[in-house]
Amino acid sequence: MRAVSLGACVSNLSETYHIAESRPPQAVIVAEALARLAEFEVLLMLFKALGIRCVVVAETEANIARLPSSLIREGVAVTHSDASVEDLRQCLLRVHLGRTARNVPAPQAESTMSFQHGRLILLGASTGGVDALVKVLEAFPPNCPPTLIVQHTSESFSSGLARLLDRNCAATVVEAQDQEPLVPGRVLLAPGKTHHLEVAASGALRCRLREGPLQAGHRPSVDALFMSAVPVASRVCAAILTGMGRDGAEGMLALHRAGAYTIGQDEKTSLVYGMPRAAFELGGVRERLPLDAIGRAVLENCSRRSAA
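Residues numbered from 1 in each chain as written. Predicted model: local features only at pLDDT ≥ 70, side-chain atom pairs only at ≥ 80, totals over all residues. Heavy atoms only, no water.

The name that an unreviewed UniProt entry assigns to the protein chain is protein-glutamate methylesterase, with the source organism given as Rhodovulum viride. Per UniProt, the protein chain has the following entry under Catalytic activity (unreviewed entry): "[protein]-L-glutamate 5-O-methyl ester + H2O = L-glutamyl-[protein] + methanol + H(+)". (UniProt positions renumbered as here; feature names shortened; annotations may be inferred.)

Right, let's talk about the UniProt feature "active site" (unreviewed entry) in the protein chain for a bit. Here the UniProt-annotated "active site" (unreviewed entry) positions come out as S126, H152 and D247. In terms of the greatest pairwise C-alpha distance, the residues named above, spread along 122 residues, form a tight cluster of at most 9.9 Å across. Secondary-structure assignment places S126 in the loop between β5 (120-125) and α6 (129-137). By relative accessible area, S126 is classed as buried at 8%. For H152, the location among the structural elements is in the loop between β6 (147-151) and α7 (158-167). By relative accessible area, which is 15% here, H152 ends up buried. With near-sequence residues (within four places) excluded, H152 lies in contact with A125, S126, H218, P220, V222, D247 and M275. At 2.9 Å, the side chain of H152 forms a polar contact with the side chain of S126. (Helix = DSSP H or I, 4+ residues; strand = E, 2+ residues; numbered from the N terminus. Buried < 20%, exposed > 50% of the residue type's maximum accessible area, 1.4 Å probe, protein only. Contact = heavy atoms within 4.5 Å. Polar contact = N/O pair within 3.5 Å; in protein donor to acceptor, adjacent residues only side chain to side chain.)

All of the buried residues in helix α9 (residues 249-257) are A249, G251, M252, L253 and L255. On the buried face of α9, the contacting elements are β5, α8 (222-228), β11 (236-240), β12 (261-265) and α10 (275-282). Backbone geometry just downstream of α9 places G259 in the positive-phi region, at approximately 110 degrees.

The tally for this structure, following the rule as stated, stands at 11 salt bridges. Between R277 and E267 there is a salt bridge; the shortest N-O distance is 3.3 Å. Highlighted residues: R277 in helix α10 and E267 in the loop between β12 and α10, separated in sequence by 10 residues. Here E281 makes a salt bridge to R277, at a shortest N to O gap of 3.9 Å. Separated by 4 residues within a single helix, E281 and R277 lie in helix α10, roughly one turn from each other. Here E281 falls in the exposed class, since its relative accessible area comes to 58%. Sharing partners across several salt bridges, the network here consists of E21, R163 and R167. (Salt bridge = Lys/Arg side-chain N within 4 Å of Asp/Glu carboxyl O.)

The subject of this paragraph is the sheet that holds strand β8 (residues 186-189). The 7 strands lie next to each other as β7-β8-β6-β5-β11-β12-β13, forming an open sheet whose pairing is parallel. For this open sheet the edge positions go to β7 (172-175) and β13 (287-289), each flanked by a neighbour on one side alone. On average, each strand axis in the sheet is tilted by 20 degrees relative to the strand beside it, whichever way the strands run. Two strands pair when backbone bridges link them, and β11 and β12 are joined in this way by 4 bridges, in the parallel orientation. (Pairing = 2+ DSSP bridges. Axes fitted to C-alpha atoms, helices over the stretch in contact; angles between N-to-C directions.)

Residue position: H96 is located in helix α5 (residues 85-97). Each C-alpha atom, one on H96 and one on E267, is 36 Å from the other, the two residues being 171 residues apart in sequence.

Spatial ordering of the open sheet is given by β1-β2-β3, a layout of 3 strands whose pairing is parallel. Two strands lie at the open edges of the sheet, namely β1 (27-31) and β3 (77-80), each paired on one side alone. Across the sheet, the mean angle from the axis of one strand to that of its neighbour is 25 degrees, orientation sign disregarded. The sheet contact formed by β1 and strand β2 (residues 53-58) spans 5 bridges and is parallel. Bridge pairing links A31 to V57 in β2.

Laid out in C-alpha cells, this is it:
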C-alpha cells in the first residue's frame, strides 16, 4: 500500500507495548492469539491514550465471533487471515484513514480537598481493571492520600502499566519499591509477579515487597495487600474493582471488621463481576458503587474540611 510502511515486527505483547510507547505508529496489527491474552487490555489502553489504531487478525472467519466483546467496544477493527488480499487492504485503509487524534488527558484542576493525616487508599483489580483503574485515578488530585494498587498482570507489563496510569493521574504513579514511605501524592503499583505488595504497619507507614507463595491464586495478591493493612484499618479506605475469582474478598472482610471503609464496584459497571461479588457476598463490602463514583468516594472518605 502506498504511504504505508512496516515500522516493526515483534513476537509478544511486551515488545509491542514498548515499541508503541517509544515510537507510536499509526496502526498496529495483532494476531488473534495475542489479542486473547489478559495483558492485551493494557495494550489497548496505551493505544487509546496515544491515538493508535488497532487491527486484530483472527485465524479464521468463524473465530471472529469468539473474540472478546471488549475489542468491539474499544473500536478495534477485526479481520481474518483467510480474507482476500483486497479485503485486507481495504481493512487497513479504513483503519489508516480513521485514525483518531491522540487522547490527551484534560488538565487537572487543583484539588479543593484536604485529607486527614495518615489516611491510606488501597485498590485491587483484575480482569477489566486497567480501564477501571484509569477511571478511578482520573479523580485523584496531586495531593491525594498515599495509595497502593494490586492489579493482576504479567511481570513484563507492570512498569508499562505504571507509566500508563501515571499519564492519566495528576498524582505520581510508579512501581512500588521495598520499604518505600507512603506519602501524599504518590500512588504505588505492585510490580511483577515475584512479590506481594503489603503495608508495613509498624512505625511510619511504608510498603514492603514480600516473597511468598501464591495467595488466592495470585502473586501479587489483593488479599495479601488488604490483610497487611488490618492493623491500621481505621485509617484505610479500600476498593475492590472488576476481576475474575475471589482474590481480595477475605482481605476486604478482615478490613471491614477492623474498621476500614470498604467499597465494591457494582455489577453493572464491572467487566467481570467476580472479585467484587465475592467480597460483597462474604459481607466485606460496606458500599457498592458504579465505577465512575468510586474515585470521588474514596477521596471524600479520606478528606476533611479545609481549615480555611
